[in-house]
Amino acid sequence: MTPAVGTSEQRGTPQSLLRVASDLIIGDSMATPANEQVARPEVLAVLSARRLPTMSTLLEIKSSVLRQVQVCPSFRRRTEEEPASSSTEVQEPAAGAWKPGDGVEFFAQMRLILKKGESRQGLPCPEVLLRSSSPAPTEPVDPSRGLRALTQEEVEMLYEEALYTVLYRAGTMGPDQVDDQGALLSYLQQVFGTSPEQHAEAMERVKKAKAPTYALKVSVMRAKNLLAKDPNGFSDPYCMLGILPASGTLREPGPHKEQRFSFRKGSKRGGPLPAKCIQVTEVKSSTLNPVWKEHFLFEIEDVSTDQLHLDIWDHDDDVSLVEACRKLNEVIGLKGMSRYFKQIVKSARTNGTAGPTEDHTDDFLGCLNIPIREVPVAGEDRWFKLEPRSSASRVQGDCQLVLKLITTQRDTSMSQRGRSGFLSYLLLLSRLLQFEHQAEEPNSSSWRGELSGPAATVLCLHGAQSNLSALQLAVLHWQVSSRHHQTRTLDYGYLLGLLEDMQAHWEEAASLPQEQEEGLADSFSAFSEFGLRLLRQLRDYFPATNSTAVYRLELLLKCLGKLQLFQPSFEICPFETELNMDIAAALKRGNREWFDKLLNSQSPREQPGPQRLAGLVKLADTVYEDLQSCYGIYASLFHSIIKIDFFTLTFRQLERLVAEEVWVLTEELSPKMTLEVASGLFELYLTLADIQCFWSSIPGRDSRSLALAGIHAPFLPAVKLWLQVLRDQARWRLQGAVDVDTLEPMDSSSKHSSSAATASLCFSHIQELWARLAWPDPAQAQGLGTQLSQDLCEAALFYTELLRKKVDTQPGAAGEAVSEPLCVVLNDVELLRKAAGQALRGLAWPEGAPGLEGVLPRPLLSCMQALDEDLQREARTVTAHLTSKIVGDIRKYVQHISLSPDSIQNEEAMAPLLKYLDEKLALLNASLVKENLSRVLEALWELLLQAILQALGANRDVSADFYGRFHFTLEALVNFFHAEGQGLPLESLRDGSYKRLEEELRLHQCSTRECIEQYYLDKLKQRSLEHNRFGRLSVRCHYEAAEQRLVVEVLHAADLLPLDANGLSDPFVIVELGPPHLFPLVRSQRTQVKSRTLHPVYDELFYFSVPAEACRRRGACVLFTVMDHDWLSTNDFAGEAALGLGSIGGVARPQVGGSARAGQPVTLHLRRPRAQVRSALRMLEGRNNKEAQEFVKRLKELEKYMEADP
C-alpha cells in the first residue's frame, strides 16, 4: 500500500523517511513475527514500570517531563498505577478492542482515514473532479414522443409534394446545392422507400399537374454613395422598379454607343410596358445614402426570360410619384399603351405644365437589370452596383436588394386539401431527418443534424417555393429536431443553435400565426418535460467525473434557459409555472430519490445498529463526494445559466437527510459502545465534519438551520474511547519498531534509524488526525487536546527509554572513539524532538477568546516546553557520552603541546591535535545531522578549553613562549571550529570559558606592572557594568598645569549601604592614585567622617602633585573607596569607584584661563570588585617578585573590610 507521502513531506519530514517508515508501519511486524512475540512481555514490563531497573550512562539525567509527575496529573496517570494493573489493562482490553499485536494494523487503518481526508482539503475545483472524457451515458429515448406517424396516403401525398418541388424548381442553384435533378429524384426515392413502379406513377402524376405560378419578392433596402444632383450637395432619390418582359429587353444597336432600357427613356422598337408591373418607392429627401426597406411582389410570366428592372432617380418637383403611379395602375384598359413611364407621369400631374425645356425633368442616378433566372433558389440579400443607361452616363453607388423567387399556386394534392406549405415542410423535414440520422452510429449522441447535399437542396427548394420566412424555417427545424431528439439522441449544441437562430429571427420578424405558435408552444412543453426528467436523474446521465456528460448538461441547461427567454413572447404560454421553479422541484425530487436508493443499498433501516454503522459510513462518504461534485461542477452551471443555487438546494436537503439517519443510529448505539463501534463512529464523525465544512460556502447561512449542528455531542464518548485506543496502540507500535531496529542508518540518504522514522510518522498521523477532528466545542476540545498532548509526550519519553535500553544491548567496538550506534541514537532523539514538537504545535485547540489565533494554549505550551527541555537534555546526555571517549585523547594531545620544546614551531606542536580532531570530526560529520554535529562541536570545544586551562594550571613559572604557543593554539582552534562559517559561530566560540582562557593567556604574557595596570583598567571597565546598588559618589577633578598638580574635589554621596545596626552608616572616602608604580611618592588622602547618614555631603578639596605625563599613562586613575567608620571594630567596606585620569580636564589638553574649580561634577556608581578584576589579582598572587607581592598584600588588607561578592 502506498504511503501518504505528500502531506507528510510538507511538514518537513524527508520523503525517504516517510516512505520507508510507512512501509515499516505495515510490514515490519510481518517481517519478524518471532521477534515481536518474544518482545511482548518485555513491553508490558516497560509499560507497567516507568523507570527501568538498570540504567546506563544515558540514564544519568532524568526526564524533566517525568519529574513533573508531582505537579502534572496527566503524567501521573499511569505512573501512580501498580504494574500489575497497568499490565492487566493492556493485556485484557474490552470486548471488540484492538489487540496489542495490532499496532501495525491500527495505524494502517488510521492512515487510510487520513488519506481519505487529504483528498478533502479545501473546496474542489473542476480540474480535479473531471477525470474522464469517455462518451456520456446513454439518455432515455421514447419513440412515442416523436411526431405522429403518417398514413400511407399522407406519405404518398408528401412524396408527390417533394417531387413537384424538384421538377418545378426555378432560379440558380448554389455551389453547395445539388443541381442534378436526377440525383435529387433518386435521393427522394431512397428516403421514401418507393419502388421503381411507384416512383414512375408518382412522376407521371406530377408531370401532368399544372406548373406553379411564380412570383418575385423584392425588398428594396437601401442605397449608398449616390451622386449629388441638387445644389445643396445631396439628392432626393426614389426607386422605380418593375418586371421587364422578354420584349422589353431589346436594346437599340449602335456602332459606338450602348444604350440600356430605362423607364424614363422612350424605346423606338420596344413593345408596350404594362403599368401594373411598375412600382415606386418613397422619395428620401436630401441624402446620398437613402434607406427605404420597402417590399414588393411581382408576378412572373416566364422565369427564364423575364428580368427585374430598377431605376433610381433624383426627384425634382412636388408631385408625388407614388400617388401618380398608383392612379395610373388603377386605370382600366391601358393594355397596349405605347407610352413609357415618362409620359405616364406627366399625364398624371393635375397641374403639370412642363414645356419643351422640361424644367422639372428628374435626374437619373442609376439602374439595375437582374434576370429572374439568375436569382438563387434560396434567395439572396446582396448589394448591386448601379449601372448607367449608356456608356456616356455617369453614375455611382450601390443598392441593397433582397430577392426571393416563390410560388403562389401549386397543383399538388396537399395544396388542394388545404395543407399549408408550413405543414408540408414540417413533414418533409421530419422524414429527411429520420433518414439522415439512420446513417449515424446507433448509439451516437453527437449528431448535429448535418444534412446531405440532396436533403439540404430539397428543403431549400421547398422552403423558398412555399414562401416560408426565416423565422418559420427556424421554428420548423426546432420543432422537428426537438421531437426527434426525444426518440433518438442529438447533440445539445445543435439544438441550442436552433434556439439561438430562432431567437435572432424572432426579434426581427412579426409574430407567428396562432396555429404555428401553438405548435411551437407544444414543442417547448415536450422538450422541457423531457429535460426535467433527465435532471431528476442528473447523477446517472450527467456524472460529474465525465467531462463529456458535463458538457452535455451545460448545453441542456442553456437550451432550457433559452426556453425561459421565449416565455414572455408567447400569447399562449407553454408553461404553467416559471420553468426554473419546475427545474428546482425536479432537482429536489431527484435528490430524494437518489438518497433513498443509496440508503436502501448501503444501510437499510431493518439491519441492526452495528451492521448499519459501516454502511452509514459509506453513505456519508458518498454524500460528501456528491456534494463535492455539486460544488465543483454542477453549482456554477446551474447558477450561471438558469440562476438556480443548486449547491445550496442540494446541501440543505442531503444534510438534513443524513442528519436524520445519524441521530437515530447514534441514539441506538450509545448503550452498546465497544471499541469496534467507537472506531466506526469516529470515522463517521470525521466525514460528517467534512460535510459541515461546505456550510461556509453558502451565502447568508444561519447555523441554527443546520441539521448537523450539535451532532458532535453524541460522538464524544466514542472519540474519547478511540483516543485511548490510539494511546495504547502508539506505544505498541513504537515498541515493535524499536524491537526490530538495528540502530543503523536506514539508507545512504538518512542518518537515523528505522524506529525514529516510524515514531515521526506516528506523531505526524496523530497531528493530522487532530486537525481533521477539529472538535467544535472549545471546552471539550481543551480536554481532548490536553489528554492527547500528554499521551504524545509520554509516548515520546517511552520511546527514548526504549532507545536507552536498546543501546545498552549494543556491543561496543574496542578502541572505537566514535560509536555509530550512539550517533544513530543521537539522530533519533533529534528527529523525535522535531517531530514531537511539530505534532504538539498541531494539537492546538480554540480557547474561545477572540484575537488569540495562532497562540498556543497555555497547557499545551508548557507541555511542549517541558518535553523539548527533556529531549534537549537527553541529546546533551548522549552527546556527553559520545564525547567522553574522546576526552582522554584530547588531554593527551594538549599535554603534547605543553611539553613541546620551544625550539619547534607552533604549527608543528599543534599539528597532531588538529589531525586527530579532523579525523574524528569527519566521522561525526558523516554520522550526525547538522543540529547534532553542532552539539558535538560545542561539547568538544568546551572539552578543549578545559583541557588547556588544566594544562596552564599545571605549569607555573614558565616562559612567555609557553603561553604564546597556547595563545596561538587557541586562535587556530577557533578558526578550525568556525570552518569559514560552516561550523560554530564566532560568537559562541569566543564566549564563556574562552574568555577566561584568553584572559589567563593574556595576563600570563604580561609583566608585573602590566598586570597591575590591567587590574586598574578592569576597574575602569567595570564602572559601566554596575547598577546603582551600592550608591553614588559625586566628584569634580581637574589638572592645574601651572602648579603641576591634580585637584580632586569630593562633593557628596547618596544612597549608600546601611552598614550599622541603626540602619545608617558613618561614611568617609579614601582618595588615592593608581597604579602605584606610576605615582610612587603620592600618598592616599581621606575625607572627614560623616556620622549617621546615607547621604553625606563633603565638599572637600585634595591636591596631588603629579606630572601630567604620569596622568596620561595606561591605567592611570583616581580610586575612591567609601568606608564605614566603626569605633570599636575595623572599618567596613561600602564600595569603590574609579575615574580615569586621561579624561580629566587639563590632562588631555591644558586649560585656557581655567579657574580652580573648572569642569562639571561627575557622578560615579559605587561597586564591588568582580571576578574579572580579581583574575589579574590571582595572576599577581602566583608571581614571586617583590612588587607583585607588595601589591597583593595591600589589596589583601583591603579585602578584609569587604563583604563577599554578591
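Conventions and cut-offs
- Residues numbered from 1 in each chain as written.
- Predicted model: local features only at pLDDT ≥ 70, side-chain atom pairs only at ≥ 80, totals over all residues.
- Heavy atoms only, no water.
- Salt bridge = Lys/Arg side-chain N within 4 Å of Asp/Glu carboxyl O.
- Helix = DSSP H or I, 4+ residues; strand = E, 2+ residues; numbered from the N terminus.
- Buried < 20%, exposed > 50% of the residue type's maximum accessible area, 1.4 Å probe, protein only.
- Contact = heavy atoms within 4.5 Å.
- Pairing = 2+ DSSP bridges.
- Axes fitted to C-alpha atoms, helices over the stretch in contact; angles between N-to-C directions.
- pLDDT = per-residue confidence, 0-100.
- Core = buried A, V, L, I, M, F, W, Y, C linked by side-chain atoms within 4.5 Å.
- Phe/Tyr/Trp six-rings, centres within 6.5 Å; stacked < 30°, edge-to-face > 60°.
- Lys NZ or Arg CZ within 6 Å of the ring centre and 35° of its normal.
- Expected span 1.5 Å × (residues − 1).
- Bend = angle between axes of the 7 residues up to and from the residue.

**Student:** Lay out the pattern of salt bridges with the relevant residues and their values.
**Tutor:** The final tally for this structure, using the stated rule, is 31 salt bridges. The partner of R990 in a salt bridge is E971, and the shortest N-O contact between them spans 3.5 Å. Taken together, the residues span a long stretch of sequence, with R990 in the loop between α33 (986–989) and α34 (993–1004) and E971 in helix α32 (residues 960–978) at a distance of 19 residues. Among the salt bridges present, the one from D991 reaches K995, with a minimum N-O distance of 3.6 Å. Of the residues examined, D991 reaches a relative accessible area of 43% and is grouped as partly exposed. The network of salt bridges with common partners includes E830, R833, D868 and R935.

**Student:** Report on the environment of L401, specifying residues and quantitative values.
**Tutor:** Within the secondary structure, L401 is located in strand β8 (residues 398–409). For L401, a relative accessible area of 0% corresponds to the buried category. Sequence-wise, L401 and K293 are 108 residues apart; in three dimensions their C-alpha atoms are separated by 9.2 Å. Setting aside chain neighbours within four positions, we find L401 in contact with S219, V220, L310, L368, I370, E380, D381, R382 and F384.

**Student:** Break down the sheet that holds strand β16 (residues 1162–1165) for me, with residues and values.
**Tutor:** Across a sheet, paired strands are connected by hydrogen bonds in the backbone, their directions being either parallel or antiparallel. The sheet built from four strands is open, its strands ordered β13-β10-β9-β16 with antiparallel pairing. Since the sheet does not close on itself, it has two edges, and those belong to β13 (1097–1105) and β16, each with one partner. With strand direction ignored, the average angle separating the axes of adjacent strands in the sheet is 30 degrees. Bridge count for strand β10 (residues 1045–1054) against β13 is seven bridges, and the pairing is antiparallel. Residue pairing in the sheet places L1046 in a bridge with F1104 of β13.

**Student:** Would you mind going over the confidence of the model for the protein chain in detail, with residue names and values included?
**Tutor:** Taken over all residues, the pLDDT of the protein chain has a mean of 78, while the share at 70 or more is 77%. Low pLDDT (under 50) marks residues 1–98, which in the prediction has 179 contacts with non-local residues, meaning those over four places away or in another chain. Every residue in residues 848–852 scores below 50 in pLDDT, and together they form one contact with partners more than four places removed in sequence or on other chains.

**Student:** Describe the nonpolar core, naming the residues involved and giving the relevant values.
**Tutor:** General note: in soluble globular proteins, nonpolar side chains tend to be found buried as a group. Counting residues in each nonpolar core, the largest one holds 253 residues, and the members touching the most others are M502 and F638. The element contributing the most residues to this core is helix α22 (residues 609–642), with 16 residues. Setting aside residues no more than four positions away along its own chain, F638 makes contact with L535, L538, L553, L557, I583, L587, K643, I644 and F646. L1033, V1106, A1108 and L1166 belong to the second largest nonpolar core, which has 36 residues in total.

**Student:** Mind laying out the packing of aromatic side chains, listing which residues take part and the relevant values?
**Tutor:** With the rule as written, the count across this model stands at 25 aromatic pairs. Judged by centre distance (5.7 Å) and plane angle (35 degrees), the ring pair of F651 and W695 falls under tilted. Of this pair, F651 sits in helix α23 (residues 646–669) while W695 sits in the loop between α24 (675–693) and α25 (716–739), and the two are 44 residues apart along the sequence. Both residues of the pair, F651 and W695, count as buried. For the ring pair F962 and F966, a centre distance of 5.1 Å and an interplane angle of 65 degrees mean the geometry is edge-to-face. Within this pair, F962 and its partner F966 are both found in helix α32, separated by four residues, close to a single helical turn. Here the aromatic cluster, defined as three or more aromatic residues joined through ring pairs, consists of Y624, Y631, F647, F651, F694 and W695. It is R389 that lies over the ring of F364; its NZ or CZ is 4.5 Å from the centre. Over the ring of F1068 we find R1086, and its NZ or CZ is 4.0 Å from the ring centre.

**Student:** Quick rundown of helix α30 (residues 906–927)? Include the residues and the values.
**Tutor:** Side chains that are three or four residues apart share a direction in an α-helix, a result of its 3.6 residues per turn. Compared with an ideal rise of 1.5 Å per residue, which puts 22 residues at 32 Å, α30 spans 32 Å between its outermost C-alpha atoms and is within 8% of the ideal. At P912, α30 is deflected by roughly 35 degrees, the largest bend along its length. Within α30, the full set of buried residues consists of A909, M910, L913, Y916, L917, K920, L921 and L924.

**Student:** Give a detailed account of the environment of T622, specifying residues and quantitative values.
**Tutor:** Looking at where T622 falls in the secondary structure, it is placed in helix α22. Spatially, the C-alpha atom of T622 lies 9.8 Å from that of T687, the residues being 65 residues apart in sequence. The residues touching T622, leaving out its near neighbours within four places in the chain, are W594 and L598.

**Student:** Pulling in residues and values, what's your account of the sheet that holds strand β1 (residues 213–224)?
**Tutor:** Here we have four strands laid out as an open sheet, ordered β4-β1-β8-β7, and antiparallel in their pairing. In this open sheet, the two strands that pair with only one neighbour each are β4 (291–300) and β7 (380–385). With strand direction ignored, the average angle separating the axes of adjacent strands in the sheet is 25 degrees. Judged from the 11 bridges that link them, β1 and β8 form a sheet pairing that is antiparallel. Considered in β8, the bridge of S219 is made with V402.

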